[in-house]
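What follows is each chain in one-letter form.
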Amino acid sequence: MILGFVAGGVTIRHTGVKSLKEIAQASRSGQTGTDAALGGILGFFAGILFILPGLLSDAAAVLLLLPFVQRIIGRRFIRPGAQTRRGTVVIDGEAVEIIDERLPRPDQDNPSPWNR
C-alpha cells in the first residue's frame, strides 16, 4: 500500500513536470500543446489510480502511461475539426448588432456625458 502511494506521487510529479515543459516548448514554437496537456492529464489520472488500492487500478494506471494508449485516447477526445494557425484556434462565428430603442442615440440632443 505504501509503495502504491509512493508510485502515485512520483507519477503525478514526473508527468506534471514533463507536460509543463512540453507545453512551454510548444508555446515557444507556436504550436498547440494538446498532446502534452493530454499526457499530463492522463499521467495525473494514472497517479491517482496508483494511489487507490487494488490490482485493477494499478493495471489501469500502467495502461494510461503507455504511449500508444495515450494516442488512442487522444484521437478519441481531441476534435479533428479544430483549425490551428500559429498556436491559436480559429472559431467561426457570427456577430449580430442589437439596437435597443430605449437607449438614446448620438444624433439626438441628449445632455448625457455618455453620448459624447
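Residues numbered from 1 in each chain as written. Predicted model: local features only at pLDDT ≥ 70, side-chain atom pairs only at ≥ 80, totals over all residues. Heavy atoms only, no water.

Regarding the overall build of the protein
Scanning the protein from N- to C-terminus turns up four helices and two strands. Listing the helices and strands of the protein from first to last along the sequence gives α-α-α-α-β-β. Buried residues in the protein amount to 18% of all 116 residues. In the protein, once contacts between residues fewer than 6 apart in sequence are set aside, the share between residues at least 24 apart is 53%. When the accessible surface of the protein is totalled, it reaches about 9700 Å², and 63% of it is carbon and sulfur. (Helix = DSSP H or I, 4+ residues; strand = E, 2+ residues; numbered from the N terminus. Buried < 20%, exposed > 50% of the residue type's maximum accessible area, 1.4 Å probe, protein only. Contact = heavy atoms within 4.5 Å. Areas by Shrake-Rupley, 256 points an atom, 1.4 Å probe, with all protein chains shown as cover.)

Regarding the packing of helix α1 (residues 2-29) against helix α2 (residues 34-51)
Between α1 and α2, whose axes approach to 7 Å, the crossing angle comes to 175°. What the angle tells us is that α1 and α2 run roughly antiparallel. Contact with α1, carried on its side by Gly4, Phe5, Ala7, Gly8, Thr11, Ile12, Thr15, Ser19, Glu22 and Ile23, involves Ala36, Ala37, Gly40, Gly43, Phe44, Ala46, Gly47, Ile48, Phe50 and Ile51 of α2 and no other residues of that element. Per-class residue counts for the contact of α1 with α2 are 11 nonpolar, eight polar and one charged. (Axes fitted to C-alpha atoms, helices over the stretch in contact; angles between N-to-C directions. Parallel < 35°, antiparallel > 145°, perpendicular 65-115°, else oblique. Nonpolar A, V, L, I, M, F, W, Y, C, P; charged D, E, K, R; others polar.)

So, the packing of α2 against helix α3 (residues 55-65)
At a minimum axis separation of 8 Å, α2 and α3 run at an interaxial angle of 160°. When the axes of α2 and α3 are compared, the pair comes out roughly antiparallel. Considering only the axes of α2 and α3, their crossing is left-handed. Along its contact with α2, which presents Leu42, Gly43, Phe45, Ala46, Leu49 and Phe50, the element α3 presents Ser57, Asp58, Ala60, Ala61, Val62, Leu64 and Leu65. Residues that form the contact of α2 with α3 fall into these classes: 10 nonpolar, two polar and one charged. (Left-handed = near helix turned anticlockwise from the far one by under 90°.)

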